[in-house]
Amino acid sequence: MSAAVLVERNLMIYKHTWYVLLAEIFEPILYLLSIGVGIGVLVGTVTDVAGGEPVRYAAYVAPALLATAAMNGAMNETTFLMFGKLKTDRTYESMLATPLTERDVALGEIGWAVLRGTIVSLAFLVVITAFGLVRSPWALLVVPGAALIAFAFATAGVVVVTFLRDWQDMQYIQLVMLPMFLFATTFYPLSVYPRPVQIVVQWLPLYQGIELLRGPALGVISVKILVGALYLAAMGAIGLVVAVRRLGRTLGG
């Protein structure tokens, strides 16, 4: 229950600063309009959709941007904002003067990051539904799928933030996140790559997240969804164990 107190604290803060989340909602919308709709006029339809019919390019891109929104929502919370609490504001020092433990802090921040990533994804899902880019009732599976993506990346973010020394180290996070965003089949099918590159791409966590959401959003249910769910669940479980241990050492030291 102590971890839930930290989630409640963050909810109370964002109740008055909810507009901060608008940037994370508008970013995928801008990508959707500029690339999904704009370039989509030139591309037309995507035919390389396993088990499905050709779909509009915007409908193909939208689930990938939703997965990216879940990833960014969680990672922003457990890297950039959490680093400020650790190094600049010293927020956790005050928290640990209460009955809260280092484990409570880790679980609370991860729990809030998952909630934040899911909220951003849900808002974007409403947008793409309004645009007519959701083709099937199976799209309801996108919500728990987005939460799973947020969980996997939230735990990874907590692990990463314990290794950062100063604000300049944030660039290393972007050095990983940006290429993954561009190459994890966000904007084009896996088949465009030669086979050796396909193998590398398939191991990217964002690729598995996109596969987890793209199928249900397009009404295509396949084993790829199960593979993506198991991959992200395993990543989140391992990350959770390491995150609790690493943050405990960081705060305890």
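(A) How the structure looks around the packing of helix 2 (residues 22-43) against helix 3 (residues 57-88). Helix 3 packs onto helix 2 with a crossing angle of 160° between their chain directions and a minimal axis gap of 9 Å. By the criterion of interaxial angle, the relationship of helix 2 to helix 3 is roughly antiparallel. Between helix 2 and helix 3 lies a crossing of right-handed hand. Contacts between helix 2 and helix 3 involve E24, E27, P28, Y31, L32, I35, G36, V37, G40 and V43 from the first element and Y57, A58, A62, L65, A69, N72, G73 and N76 from the second.

(B) Examining the packing of helix 3 against helix 6 (residues 142-161) more closely. Relative to each other, helix 3 and helix 6 sit at 30°, their axes nearing to 8 Å. The angle between helix 3 and helix 6 places the two elements in the roughly parallel class. Once helix 3 is placed against helix 6, the crossing between them reads as right-handed. Contacts between helix 3 and helix 6 involve L66, A67, A70, M71, A74, M75, T78, T79, M82, F83 and L86 from the first element and V142, A146, I149, A150, F153, A154, G157, V158 and V161 from the second. Taken together, the residues of the contact of helix 3 with helix 6 sort by class into 17 nonpolar, 3 polar and no charged.

(C) Spotlight on the layout of surface pockets. By volume, the largest pocket amounts to about 420 Å³. Around the largest pocket, the lining comprises 19 residues; the ones closest to its centre are E27, N72, N76, Q174 and M177. Elements with a minimum of two residues in the lining of the largest pocket: helix 2, helix 3 and helix 7 (170-183). Ranked by the residues each element gives to the lining of the largest pocket, the list is headed by helix 3, at 8 residues. Of the residues assigned to the lining of the largest pocket, the class counts are 11 nonpolar, 5 polar and 3 charged.

Reading guide: rules and limits
- Within any chain, residue numbers begin from 1 and follow the written order of that chain's sequence.
- The model is predicted, so local features are restricted to residues of pLDDT at least 70 and side-chain atom pairs to those at 80 or more, both for listing and for counting; the totals for chains, interfaces and linings are taken over all residues.
- Side-chain numbers come from the whole structure's heavy atoms, not from hydrogens or water.
- All axes are obtained by fitting lines to C-alpha atoms, using only the stretch in contact for helices, and the reported angles, taken between N-to-C directions, cover 0 to 180 degrees.
- Think of it this way: any DSSP run of H or I at least four residues long counts as a helix, any run of E at least two long counts as a strand, and we number them from the N terminus.
- Our angle categories are set so that under 35 degrees counts as roughly parallel, over 145 as roughly antiparallel, 65 to 115 as roughly perpendicular, and the remainder as oblique.
- Helix crossings are classified by the rotation of the near helix relative to the far one: an anticlockwise turn of less than a right angle makes the crossing left-handed, while a clockwise turn makes it right-handed.
- Contact criterion: two residues are considered in contact whenever any of their non-hydrogen atoms come within 4.5 Å of each other.
- All residues other than Ala, Val, Leu, Ile, Met, Phe, Trp, Tyr, Cys, Pro, Asp, Glu, Lys and Arg, Gly among them, are scored as polar; the first ten of these are nonpolar and the last four charged.
- A 1.4 Å probe that fits into a set of points on a 1 Å grid over the protein atoms alone but cannot get out defines a cavity; an open set with protein on both sides within 12 Å along at least five of seven lines defines a pocket, and lining residues are those with an atom within 4 Å of a point.
- Grid points are joined across faces, edges and corners, and a volume is the space filled by probe spheres set on the points.

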